[in-house]
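# Overview (structure and organization)
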Amino acid sequence: MGQISFKSVGKTYAGGVTAVSDVTLDVAEGEFIVLVGPSGCGKSTLLRMVAGLEEITDGEIDIAGRVVNRLDPADRDIAMVFQNYALYPHMTVKENMAYGLKNRRTPKAEIEARVAEAARMLELQPYLDRKPRALSGGQRQRVAMGRAIVRQPAAFLFDEPLSNLDAKLRVSMRMEIRKLQRRIGTTSLYVTHDQLEAMTLADRLVVLNGGKVEQIGKPLEVYHRPASTFVASFIGSPAMNLLDARVEGGQVWLGGAAMGPAGRAEGPVTLGIRAEDLRPAPASQGVALKVEHVEELGSGRVVHGHVDGQALAVSMAPGLPIGDVLHVGAAPEALHLFDTTTGRRIETRTRAAELVL
Amino acid sequence: MMQRLKPFDHLILILGALFLCMPVVMAFASSTHTAIDIHSNGLYVTPGSNGAETYTKVLTQRGGFTGEVTGLTMLMNSMILGVGFAVGKIVLSMMAAYALVYFRFRFATPIFWVIFTTLLLPLEVRIMPSYQVMSELKLLNTYQGLIVPLLASATGTFFFRQFFKSVPDELLEAARIDGAGPVKFFIDILVPLSRTMMAAIFIIMFIYGWNQYLWPMLMTTDESFFTLMRGIKTILQVWVGSQIPDYNEAFALAVLAMVPPLVVVLVFQRMFIKGLTESDK
C-alpha cells in the first residue's frame, strides 16, 4: 500500500528553467529512500512534487496505487517533516500533532490514542502541553515527526530534517529516525545534502545532479561502484581521488607506474581510487606520491600529496612512517575507471567478479 | 549599557512629565468644582467637593434640543464608533492582505499599490462623495452609515500584508498537508499568529474612530447619534442654564472622553508587548 513510483517525472518552471528531468524510480513498501545531491540538484523539488507543493509538469507520480499529479497535498496520504520544523507556534505540542487529524474529522478518542502513542514512541509525554517555543531543537524535530506519525500516512517525506540541529544531536536523531522508520515500516523519502546521513539512513540512495538521476542503488553499491565521476566524488569522505590516467596494453598507467588491469578500456581515462583503498607498496610496484601535508585524525591520518602533478589523498593507519616520497598502490578491484568526456563508469570486471560484492 | 543618572536628567524628566500631565490634572480638578467657582477663580489644580454631582449630572441629565441625549448615550455612541471602526478595519484589512499575499491573481501588485496610494488621500478629500453615497443609500443617521464608509484601511492592509509576508512558507505548506483549506488556514493559523498585529492596529484604529468629529457631524443630525466629541461642544453652546457656561460639565465630559482610549491602550499595549516577547519567529 505504501509504494511510490515515479514515471519519467520532470519539472520545468514557467520561466523555462528545468529543475528535475526524467526521474524514474520505484519505491517499494516500507523502503527508506534517500535523495542526495549538492544544493540546487533538484532533490527538494522532487520531494515537494511528491508532497504536492510543486506542480508536476512531466510524467506521473503514483502513491499507493493512485496517480497523484492532480491531487491536493492533503489528499495524497503523505506526511512531511520540514527542515525548520514548521510547527504551529500558537498551538501546544498536542494540538500540533492533532491538527491534521482534526481536519480529517477523526473521532476525538482516536486522536487522543494516536497522539498518546506517538508521544510515547518519541518520548514527548512530558512536553505535550508546552508550546513549541519552550522546546529545544531536537524536541521540536521530534514533535514534527510526531505530527507525521499520528497521521499514519502511506509515506513520510523528510526535507533535510536534521540540518538545523548541532552535529552531535544530528547523529543521535539520525539513528532515532532510522529505528523509528524500521519499527513503523512506513515508506520514506528523505532529502539531504549530507552524504554521511544518506549512507547511514538509506535502504537505497538516489544520487541527483543537475536535476537528473546519477545513480540509484544500495549505499554500499553506490560507494563501491559509483556510476560516474560525480557520484564518486560526492559519496565518501575524503572524496574519491580522481586522476587523469592512460590505458595502454590493458594496463592503467599513472605517473609512469602500472596500477592494474583495465579490461576493455583504451586511451585516456579518469582513474578513481578511494583514499582508504591505497596502501603503501614497494617502490617497484607503487606510484610515487610526493607528500605535502599530513592530516592527523587520531584514528588514522590522511596524507595529501601529488602524483605526476595531480593531487592525491591516501588514508593510512597511524604509526606508519611517512617520508618525503611515499609509494602507494591499490588492489585491482579498487580501481574505478571513468570515461574522460562523459564521466560515466567504464566496467572493467566481469559479471562474476561483480557478484562477489 | 548602564549610565549613572544625574540630578539634571531627573529634573528634565520631571518637568516633561508635569508639562504633559498638568492639563489633564487641571481638567479633572476643575471638573469637581462648580461652574461659578471656575468662572470667578479660574482653573483649579486641587479637587473640589462638587465632583460626584457634576459627573452624575453629565452622565444622566437629558439635554440637547430634544431633551433626549444623556452623557451615557454619547459615551455609548462613541464606543460603538470606536469599536466598530477598529474591529471592522481589522477584519477587512486582514482579509484584503490575505488575498494579496496568499493568492496569486492578476494585477495583485498593482492592486496593492492602488490601495496603498489611498493612504495619501485624507478622509476630507472624499467626504462629499461619501456623504452623497450614504445619503442615496438612506444610511444617514444610522450606525452603518457612520462606520462602513470609513472601514477600508490602507494602513491596516499594509501592516497585515507585511506581517503575512514574514510568516514562513513552511507553515502554509504544513497546514496544506494537514488538510487545512484556505479558510481553515486563515482562521486556525494566521489569525492566532496575528494577535499582536491585531492589538497594535486595534489601538490605532480605536482612537482614530473615537476621535472622529467632522464625519459624525455630517452624517448624523439625529441627536441620539451624538458622540462625546460633539457633546463637549454642545454643552458649552446649549446647556446654558444661567449666563455662565457649564465649564465643570465640559471638563467632566472631556475627562470621561479620555478614559476609554486610555483603557484600550493599557490593555492592548500589555498584550502587544507580551506578543512581541513571546513570539519565536
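How each quantity is defined
- Residues numbered from 1 in each chain as written.
- Chains lettered and ligands numbered in written order.
- Predicted model: local features only at pLDDT ≥ 70, side-chain atom pairs only at ≥ 80, totals over all residues.
- Heavy atoms only, no water.
- Helix = DSSP H or I, 4+ residues; strand = E, 2+ residues; numbered from the N terminus.
- Contact = heavy atoms within 4.5 Å.
- Areas by Shrake-Rupley, 256 points an atom, 1.4 Å probe, with all protein chains shown as cover.
- Lys, Arg positive; Asp, Glu negative; His and termini not counted.
- Charge placed at Lys NZ, Arg CZ, Asp CG, Glu CD.
- Buried < 20%, exposed > 50% of the residue type's maximum accessible area, 1.4 Å probe, protein only.
- Buried area = accessible area lost by both parts, 1.4 Å probe.
- Salt bridge = Lys/Arg side-chain N within 4 Å of Asp/Glu carboxyl O.
- Pairing = 2+ DSSP bridges.
- Patch = residues over 30% accessible without salt bridge, like charges linked within 9 Å, V, L, I, M, F, W, Y side chains within 5 Å.
- Axes fitted to C-alpha atoms, helices over the stretch in contact; angles between N-to-C directions.
- 1 Å grid on protein atoms, 1.4 Å probe; cavity = no way out; pocket = protein on both sides within 12 Å on 5 of 7 lines; lining within 4 Å.
- Points joined across faces, edges and corners; volume = space filled by probe spheres on them.
- Nonpolar A, V, L, I, M, F, W, Y, C, P; charged D, E, K, R; others polar.
- Domains from an automatic or database assignment.
- Polar contact = N/O pair within 3.5 Å; in protein donor to acceptor, adjacent residues only side chain to side chain.
- Phe/Tyr/Trp six-rings, centres within 6.5 Å; stacked < 30°, edge-to-face > 60°.
- Lys NZ or Arg CZ within 6 Å of the ring centre and 35° of its normal.

## Quick word on the overall build of chain A
Secondary structure assignment for chain A yields nine helices and 21 strands. Principal-axis analysis of the C-alpha atoms places the extent of chain A at approximately 75 × 45 × 40 Å. Taking all contacts inside chain A whose residues are at least 6 apart in sequence as the whole, residues at least 24 apart take part in 64%. Surface accessibility of chain A: about 15,900 Å² in total, with carbon and sulfur atoms responsible for 51%. Between the mean site of the 42 positive side-chain charges and the mean site of the 41 negative ones, chain A shows a separation of 7 Å.

## A closer look at the overall build of chain B
Each helix and strand counted, chain B has 14 helices and zero strands in total. Along chain B, helices (α) and strands (β) appear in the sequence α-α-α-α-α-α-α-α-α-α-α-α-α-α when read from the amino end. Along the three orthogonal principal directions, the C-alpha set of chain B runs to about 75 × 65 × 30 Å. When each of the 281 residues of chain B is scored for burial, the buried share is 40%. Residue pairs in contact within chain B that sit at least 24 positions apart in sequence constitute 73% of those at least 6 positions apart. Of the roughly 15,900 Å² of accessible surface on chain B, 70% is carried by carbon and sulfur atoms. Treating the 19 positive side-chain charges of chain B as one cloud and the 17 negative ones as another, the clouds have centres 7 Å apart.

## A look at the interface of chain A and chain B
Listed as interface residues are 24 residues of chain A and, on the opposing side, 18 residues of chain B. Carbon and sulfur atoms supply 58% of the area buried between chain A and chain B, which totals about 1,900 Å² over both sides. Among the salt bridges present, the one from Arg-151 of chain A reaches Asp-178 of chain B, with a minimum N-O distance of 3.9 Å. Counting only elements with at least two residues in the side of chain A that touches chain B, the list comes to helix H1 (43-51), strand S6 (78-81) and helix H2 (93-103) of chain A.

## Considerations on the pairing of strand S10 (residues 212-217) of chain A
Residue and element names in this part refer to chain A. Pairing between strand S9 (residues 204-209) and S10: five bridges, direction antiparallel. Note that in S10 the partner of Leu-205 across the bridge is Gly-217. Connecting S9 to the next strand, S10, in antiparallel fashion are two residues, including Gly-210 with a positive phi near 55 degrees.

## So, the pattern of salt bridges
Note on pairing: side chains with opposite charge can pair once their charged atoms come close. In total, this model carries 16 salt bridges over all chains according to the counting rule given. For the salt bridge of Glu-31 of chain A with Arg-204 of chain A, the shortest nitrogen-to-oxygen distance reads 2.6 Å. With Glu-31 of chain A in the loop between strand S2 (18-27) and strand S3 (32-36) and Arg-204 of chain A in strand S9, this pair connects stretches of sequence that are 173 residues apart. Salt bridges here are not isolated pairs; linked through shared partners, they connect Lys-11, Arg-48 and Glu-54 of chain A together with Glu-173 of chain B.

## So, the environment of His-293 of chain A
Residues and elements named next belong to chain A. As for its placement among the helices and strands, His-293 is situated in strand S16 (residues 287-296). Considered as a pair, His-293 and Val-23 are 270 residues apart in the sequence and their alpha carbons are 42 Å apart. If near-sequence neighbours (up to four positions away) are discounted, His-293 is found in contact with Val-302, Val-303 and His-304.

## Some remarks on a positive patch on the surface
On the surface, Lys-102, Arg-105 and Lys-108 of chain A together with Lys-184 of chain B cluster together into a positively charged patch. Locating Arg-105 of chain A in the fold gives a position in the loop between H2 and helix H3 (108-121). Residue classification places Arg-105 of chain A among the exposed positions, given a relative accessible area of 72%.

## Brief notes about the sheet that holds strand S17 (residues 301-307) of chain A
Residues and elements named next belong to chain A. Strands sit in the order S15-S19-S16-S17-S18 across an open sheet of five strands; the sheet is antiparallel. Strands at the two margins of the open sheet, each flanked by one partner only, are strand S15 (278-280) and strand S18 (310-316). Strand-to-strand twist across the sheet, computed as the mean angle between neighbouring axes with direction ignored, equals 50 degrees. Pairing geometry for S16 and S17, over six bridges, is antiparallel. Along S17, the bridge assignment pairs Val-294 with Val-303.

## Quick word on the layout of surface pockets
Roughly 1,200 Å³ of volume is contained in the largest pocket. Along the walls of the largest pocket sit 34 residues, with Leu-53 of chain A together with Tyr-102, Arg-104, Leu-172 and Arg-176 of chain B positioned nearest its centre. Sorting the residues of the lining of the largest pocket by element identifies helix H4 (71-102), helix H8 (154-166), helix H9 (169-177) and helix H10 (182-193) of chain B as the ones contributing at least two each. No other element matches the five residues that H9 of chain B contributes to the lining of the largest pocket. One number sums up the size of the second largest pocket: a volume of about 550 Å³. Together, 24 residues line the second largest pocket, and Thr-118, Arg-126, Ala-152, Ser-153 and Ala-154 of chain B are the ones closest to its centre. Listing elements by their share of the lining of the second largest pocket, those giving two or more residues are H4, H8 and helix H11 (195-210) of chain B. Per-element accounting of the lining of the second largest pocket gives the leading share, four residues, to H4 of chain B. Here the lining of the second largest pocket is built from residues that sort into 15 nonpolar, six polar and three charged.

## A word on the domain arrangement of chain A
You can read the domains of chain A as domain 1 (4-224) and domain 2 (238-356). A C-alpha centroid distance of 38 Å is found between domain 1 of chain A and domain 2 of chain A.

## Overview of the environment of Glu-296 of chain A
Residue and element names in this part refer to chain A. Positionally, Glu-296 belongs in strand S16. Among the residues examined, Glu-296 registers a relative accessible area of 52% and is labelled exposed. Counting along the chain gives 22 residues from Glu-296 to Pro-318, while the straight-line C-alpha distance between them is 8.3 Å. In terms of polar contacts, Glu-296 uses its side chain to reach the side chain of Arg-301, at 2.8 Å.

## Considering the packing of aromatic side chains
Taken as a whole, this structure holds 26 aromatic pairs over all chains when the rule is applied. Both rings, one in Phe-156 of chain A and one in Phe-158 of chain A, keep their centres 6.1 Å apart while their planes meet at 70 degrees; by these two values the pair is edge-to-face. Comparing Phe-156 of chain A with Phe-158 of chain A shows no difference in burial state: the two are buried. Ring geometry for Phe-112 of chain B versus Phe-158 of chain B: centroids 6.2 Å apart, planes at 25 degrees, classification stacked. Here Phe-112 of chain B is found in helix H5 (residues 108-117), whereas its partner Phe-158 of chain B is found in helix H8, with 46 residues between them in sequence. Ring-pair connections join several aromatic residues into one group, and the members of that group are Tyr-98, Tyr-102, Phe-103, Phe-160, Phe-163, Phe-164, Phe-185 and Phe-186 of chain B. Positioned above the aromatic ring of Phe-112 of chain B, the side-chain terminus of Arg-161 of chain B is 3.8 Å from the ring centre. Here the basic side chain of Arg-230 of chain B rests over the ring of Phe-226 of chain B, its NZ or CZ set 4.0 Å away from the ring centre.

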